[in-house]
Amino acid sequence: MNKSEFVELVKEVGEFETKKDAEKAINAFVAGIEAALVKKESIELVGFGKFEAVMQKGKEGKVPGSSKTYKTADKFVPKFKPGKSLKDSVANAK
């Protein structure tokens, strides 16, 4: 599903009058999540899931076909953990 299809779905499910209103709501939600994660805060939507920024340790590896090695730096990455209601809804869908 691409963004325009998702906007149409949100318009129908959220009973928005126009696609523009639905897209504005989606953009506000995404911007809010992004702003909180940049501040290293977690967002928990009970039943839906939890968004958080977690530290990912750097990795060492070897370039295939050569003797060169590399190391990546530690960094924060976004993480989503689904809630029980969301898990159950997806599992029960046919």
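Above this text you will find the structure in question.
Predicted model, so just to flag it, every value in this text is computed and none were measured. Position numbers for residues count from 1 along each chain, tracking the sequence in the order it is written. Local features in a predicted model are, by the rule used here, given only for residues with pLDDT of at least 70; side-chain atom pairs are given and counted only at 80 or more, and totals for whole chains, interfaces and linings are based on all residues. Only hydrogens and water are set aside; all other atoms, that is, all heavy atoms of the structure, feed into the side-chain values.

Caption draft 1: View of the pattern of salt bridges. The working definition used for a salt bridge is a side-chain nitrogen of Lys or Arg within 4 Å of a carboxyl oxygen of Asp or Glu. Counted under the stated rule, the structure contains 3 salt bridges. In this structure, Glu23 engages Lys3 in a salt bridge whose closest nitrogen and oxygen atoms are separated by 3.8 Å. With Glu23 in helix 2 (residues 19–38) and Lys3 in helix 1 (residues 3–13), this pair connects stretches of sequence that are 20 residues apart. With a relative accessible area of 34%, Glu23 lands in the partly exposed category. Among the ionic pairs, Lys84 bridges to Asp88, the shortest N-O distance being 2.9 Å. Separated by 4 residues within a single helix, Lys84 and Asp88 lie in helix 3 (residues 84–92), roughly one turn from each other. Relative accessible area decides the class of each residue, using a 1.4 Å probe on protein chains only: under 20% of the type maximum gives buried, over 50% gives exposed, and in between gives partly exposed. A relative accessible area of 61% means that Lys84 is categorised as exposed. A residue is classified by how much of its surface remains accessible, and Asp88, at 33% relative accessible area, is partly exposed. The way it works is that DSSP assigns letters per residue, a run of H or I at least four long becomes a helix, a run of E at least two long becomes a strand, and they are numbered from the N terminus.

Caption draft 2: Local environment of the environment of Thr18. Within the secondary structure, Thr18 is located in the loop between helix 1 and helix 2. Judged by its relative accessible area of 35%, Thr18 is partly exposed. Residues Thr18 and Gly47, spaced 29 residues apart in sequence, show a C-alpha to C-alpha distance of 28 Å. Two N or O atoms form a polar contact when they lie within 3.5 Å of each other; inside protein one atom must be a possible hydrogen donor and the other a possible acceptor, and for residues adjacent in sequence the pair counts only when both atoms belong to side chains. A polar contact of 3.1 Å, which involves the side chain of Thr18, links it to the backbone nitrogen of Asp21.

Caption draft 3: Here's a closer look at the environment of Met1. If you trace the backbone, Met1 turns up in the segment before helix 1. Here the alpha-carbon distance between Met1 and Asp74, two residues 73 residues apart in the chain, equals 32 Å. Look past the residues within four positions of Met1 in its chain and what remains in contact with it is Phe6 and Leu9. Every residue pair with non-hydrogen atoms within 4.5 Å of one another is taken to be in contact.

Caption draft 4: Summary view of a nonpolar patch on the surface. Here the term patch refers to residues with relative accessible area over 30% and no salt bridge, with like charges joined within 9 Å and nonpolar side chains (Val, Leu, Ile, Met, Phe, Trp, Tyr) within 5 Å. A 1.4 Å probe and the Shrake-Rupley method give the accessible areas. Residues count as covered only by the protein chains that appear here. A surface patch of nonpolar side chains, about 420 Å² in accessible area, is lined by Phe29, Val30, Leu45, Phe48 and Phe80. Among the structural elements, Leu45 can be located in strand 1 (residues 43–45).

Caption draft 5: A look at the nonpolar core. For our purposes a nonpolar core is just a set of buried Ala, Val, Leu, Ile, Met, Phe, Trp, Tyr and Cys residues, chained together by side-chain atoms within 4.5 Å. With 6 residues, the main nonpolar core is built from Ile33, Ala36, Leu37, Ile43, Phe51 and Ala53. Secondary structure elements with two or more residues in this core: helix 2 and strand 2 (49–56). Among the elements that line this core, the one with the most residues is helix 2, at 3 residues. Setting aside its immediate chain neighbours within four residues, Ile43 contacts Ile33, Ala36, Leu37, Gly49, Lys50 and Phe51.

Function cannot be inferred from these measures alone, as they are strictly geometric.
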